[in-house]
Amino acid sequence: MRITPARTQRAAAIVLWTLAACTIGVLVFVVGFILARGLPHLTWGFLTESPRSMGREGGVLPMIVGTLWVTGLAVLIAAPIGVGTAVYLTEYTREGRLTAVIRFGADCLAGIPSIIFGLFGFVFFVITLGLGLSVLSGALTLALMVLPTIIRTSEEAIRAVPRAYRDVSYGLGSTRWQMVTKVVLRSALPGIGTGIVLAVGRSISETAAVMLTAGSALGLPQSVFDSSRTMALHFYIMSREGISMANAYATGSVLILSIMAINLAAYWLMRRFVAKAA
Amino acid sequence: MKQDRVISLVLLAVAMSAISGLAVITAFIFKEGLPIITKVGLGGFILSSDWYPQEGEFGILPMIVGSLAVTAGAMIIGAVLGLGCAIVLTQFCPPRLVAVLKPCIELLAGIPSVVYGFIGVTILVPFIRDHLGGPGLSVLASSIVLGVMVVPTVTSISVDALRAVPRSYREGSLALGATGWQTTHMVMLKAARSGIAAAIILGMGRAVGETMAVIMVAGNTLEAPHSLLDPVRTLTSNIALEMGYAAGDHRRALFATGVILFVIIMILNTIALAVSRRRAGKAGRA
């Protein structure tokens, strides 16, 4: 059999499609495996009860609350800073050495492993600032971690707003700040929203950094200074220490379902944004 | 106008938070970690294989070797799968299917690393133990789990690089009678190669830095691995495993492990930035 371009083309197509199919296969398998074993244990009681005997029985209510607190607070801190940075980079300055430095900072921050964030959060927020293992320490650490995501997506969204919108706004006599808040940010909102939703997803899945900063207390956090175990960490502890496989799978299912919902939301927002820009 | 000036200054202050965050992180990690490195000497720290924190012996060579081995393995799998997906998405796939495949790969990035680790330890590890031998918890298992985890990074950056190649390149090649695959590997991959290189380097950074999944499937022994089936401990898992109970010099040694990890990541990031900047320059974008 001679090696003709047409045959190589066919062989290449087969190999490449197989690779793509393998990747999708892994995804389907991971999601399917956890859901198949977890959904049967996922009851209303599981979501609304506190764990008993170290999580062997009972539910995950404190972890859900803890995850919501840590994630919500982290995004609440990171979103204004991230969007503010993006506004500064796009509307308030010209490209130069300063923007290069700001971008370098964001790019490097994006590449730092979560365990380093954990170490830093532990020595800085937990010990130096005296916040202890707490929701607040965890949230501050995660806020730093998701900041680059929010900066980058917001910047892209703001840059995609047509020049004409700005010109018209100026033409109507608005100040720069009015133009930014009433025109640019409003039309970039779905794009910015995508970034924020992705940041929520990253915070929910994070384990290493929250383990060192928010701790692993089983109780319901009463304030931001209480230690709290997040869902991802609970899943890790349950499965690694073999406390209860049924509860581990159910916890995993809640995690997977929330990540899927978050990704769908991000995708939907993005489509809306693209449809609007076109 | 005065108001505009104030807003501008406030926004500048906000915009400096990322770089100042980076500076504070660097300062604190080094402040905590450097004393131990100067105490045992950089050579003694990274070239010794004796990690006995109780006796004050801190040598992290096995962890460095472990991280490198696991990362190399992960990149073989991650680069092949990730680049394959990127080529399919940009060159071979009808747009309607792209609308399904791309979100799937993004979902792969969203799944928590503990879930990957868990699947690894419940399925992959017993499989390796039963069919290939060894304890199952191994370099191989870690490489496969990490390889899958870096696919989204490699794919999304490679897709951007391939999409940035001017349409005329592809059309020109097809018009000259080249097949789709010839066009892909002779024109597209060549034109996008610095972007693809950046994608692989950033993927490498993710693999080196991943913690929880590796802890679950690597076995975490203190000895450097001799084969793919040997258990292994990485720099990241060394920190996460012992941080819970470490104190004094032991804790400082874990921070020092963080310093080494930090340096490795910064080198990889800088290379990736330099490579992708060169691409931006070449494509004529400012």
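This one's a predicted model, so the numbers in the text were calculated from it and none came from an experiment.

Caption draft 1: Geometry of the overall build of chain A. Across its full length, chain A carries eleven helices and two strands. Taken from the N to the C terminus, the helices and strands of chain A come in the order α-α-β-β-α-α-α-α-α-α-α-α-α. Counting only C-alpha atoms and orienting by the principal axes, one finds that chain A spans roughly 70 × 65 × 35 Å. Counting all 278 residues of chain A, 53% fall into the buried class. Distance from the positive charge centre (22 side chains) to the negative charge centre (11 side chains) of chain A: 10 Å.

Caption draft 2: The overall build of chain B, seen in detail. When helices and strands are counted, chain B shows 13 helices and two strands. For chain B, buried positions account for 53% of its 286 residues. A total of about 12100 Å² of accessible surface is found on chain B, and carbon and sulfur atoms cover 66% of it. Side-chain charges of chain B comprise 21 positive and 14 negative groups, with the mean position of each set lying 17 Å from the other.

Caption draft 3: Examining the pattern of salt bridges more closely. Enumeration over the complete set of coordinates arrives at 16 salt bridges over all chains. For the salt bridge of A:Arg52 with A:Glu49, the shortest nitrogen-to-oxygen distance reads 3.3 Å. Linking B:Arg252 and B:Asp249 is a salt bridge whose minimum nitrogen-to-oxygen distance equals 2.6 Å. Of the two residues, B:Arg252 and B:Asp249 are both situated in helix H13 (residues 248–282); the distance of three residues between them amounts to about one turn of the helix. Residue class for B:Asp249 comes out partly exposed when judged on its relative accessible area of 26%. The structure contains a network of salt bridges with shared partners spanning A:Glu95, A:Arg103, A:Glu155 and A:Arg159.

Caption draft 4: Highlighting the side chain of B:Thr179. With respect to the element layout, B:Thr179 can be found in the loop between helix H8 (167–175) and helix H9 (180–191). Not counting the four nearest positions on each side in its chain, B:Thr179 is found in contact with A:Pro5, A:Gln9 and B:Leu174.

Caption draft 5: Broad picture of the interface of chain B and chain A. Facing the 72 residues of chain B at the interface are 72 residues of chain A. Summed over both sides, the interface of chain B with chain A buries roughly 6300 Å², with 83% coming from carbon and sulfur. Run the count over chain B and chain A and you get one salt bridge. Its salt-bridge partner being B:Asp4, residue A:Arg176 comes within 3.0 Å of it at the nearest N-O pair. One can count six residue pairs in polar contact (both at pLDDT 80 or more) joining chain B with chain A. Residues of the side of chain B that touches chain A, tallied by class, amount to 52 nonpolar, 16 polar and four charged.

Caption draft 6: Looking closely at the packing of helix H6 (residues 135–159) of chain A against helix H2 (residues 17–40) of chain B. At a minimum axis separation of 11 Å, H6(A) and H2(B) run at an interaxial angle of 150°. By the angle between their directions, the pair H6(A) and H2(B) is classed as roughly antiparallel. For H6(A) against H2(B), the interelement crossing comes out left-handed. Seen from H6(A), the contacting residues are A:Leu144, A:Leu147 and A:Ile151; seen from H2(B), they are B:Ser17, B:Ala18, B:Gly21 and B:Ile25. Per-class residue counts for the contact of H6(A) with H2(B) are five nonpolar, two polar and no charged.

Caption draft 7: Just the packing of aromatic side chains, in detail. All names here are of chain A. For the coordinates displayed, the defined rule picks out eleven aromatic pairs over all chains. Between Phe120 and Phe124, the aromatic rings sit 5.1 Å apart at their centres with planes inclined by 15°, giving stacked as the arrangement. Placement of both Phe120 and Phe124 in helix H5 (residues 114–128) is noted, with a separation of four residues, approximately one turn of the helix. Like Phe120, the residue Phe124 is buried in the burial classification. Arranged with centres 5.7 Å apart and planes meeting at 75°, the rings of Phe120 and Phe125 form a pair that is edge-to-face. The exposure class of Phe120 is buried, given its relative accessible area of 2%.

Caption draft 8: Representation of the confidence of the model for chain B in the model. Here chain B shows a mean pLDDT of 90. Residues at 70 or above account for 97%. Across the interface, the model reports ipTM at 0.91; the global pTM reads 0.91.

Caption draft 9: Representation of the environment of B:Ala199. Residue and element names in this part refer to chain B. Take Ala199: it is sitting in helix H10 (residues 193–209). Taking the relative accessible area as the measure of exposure, Ala199 reaches 0% and is therefore buried. Separated by 147 residues in the primary sequence, Ala199 and Tyr52 place their C-alpha atoms 37 Å from one another. Excluding its chain neighbours within four sequence positions, the residues that come into contact with Ala199 are Val154, Ile157 and Ser158.

Criteria and cut-off values
- The numbering scheme is per chain: residues are counted from 1 as the chain's sequence reads.
- To read the labels, note that chains go from A and ligands from 1, taken in the order they are written.
- Predicted model: local features are reported for residues with pLDDT of at least 70 only, side-chain atom pairs are reported and counted for 80 or more only, and whole-chain, interface and lining totals are derived from all residues.
- Excluded from the side-chain calculation are hydrogens and water; included are all heavy atoms of the structure.
- Helix and strand definitions follow DSSP, with helices as H or I runs of at least four residues and strands as E runs of at least two, each counted in order from the N terminus.
- Type-normalised accessible area, obtained with a 1.4 Å probe on protein chains alone, sets the label of each residue: buried when under 20%, exposed when over 50%, and partly exposed for intermediate values.
- Here the positive residues are Lys and Arg and the negative ones are Asp and Glu; neither His nor the chain ends is included.
- Every charge is mapped to an atom, namely NZ of Lys, CZ of Arg, CG of Asp or CD of Glu.
- Every accessible area reported is derived by Shrake-Rupley at a probe size of 1.4 Å, with residue values counting cover from the shown protein chains alone.
- In what follows, salt bridge is the name for a side-chain nitrogen of Lys or Arg lying within 4 Å of a carboxyl oxygen of Asp or Glu.
- For this analysis, residues touch if any pair of their heavy atoms sits within 4.5 Å.
- Defined here as a combined quantity, buried area equals the accessible surface (1.4 Å probe) lost by two parts on assembly, summed across both.
- Here a polar contact is taken to be a pair of N or O atoms separated by no more than 3.5 Å, where protein atoms must pair a possible hydrogen donor with a possible acceptor and residues adjacent in sequence count only if both atoms sit in side chains.
- Asp, Glu, Lys and Arg are counted as charged, while Ala, Val, Leu, Ile, Met, Phe, Trp, Tyr, Cys and Pro are counted as nonpolar; the rest, among them Gly, fall into the polar class.
- Here, axes are lines fitted to C-alpha atoms. For helices the fit covers the stretch in contact, and angles between N-to-C directions go from 0 to 180 degrees.
- Roughly parallel covers angles under 35 degrees, roughly antiparallel covers those over 145, roughly perpendicular covers 65 to 115, and oblique covers all other angles.
- Left-handed is the label given to a crossing in which the near helix is rotated counterclockwise from the far helix by less than a right angle, and right-handed is the label when the rotation is clockwise.
- Working definition: a ring pair exists when centres of Phe, Tyr or Trp rings (six-membered ring for Trp) sit within 6.5 Å. Plane angles under 30 degrees give stacked, over 60 give edge-to-face, the rest tilted.
- The pLDDT value expresses, per residue, how confident the predictor is, ranging between 0 and 100.

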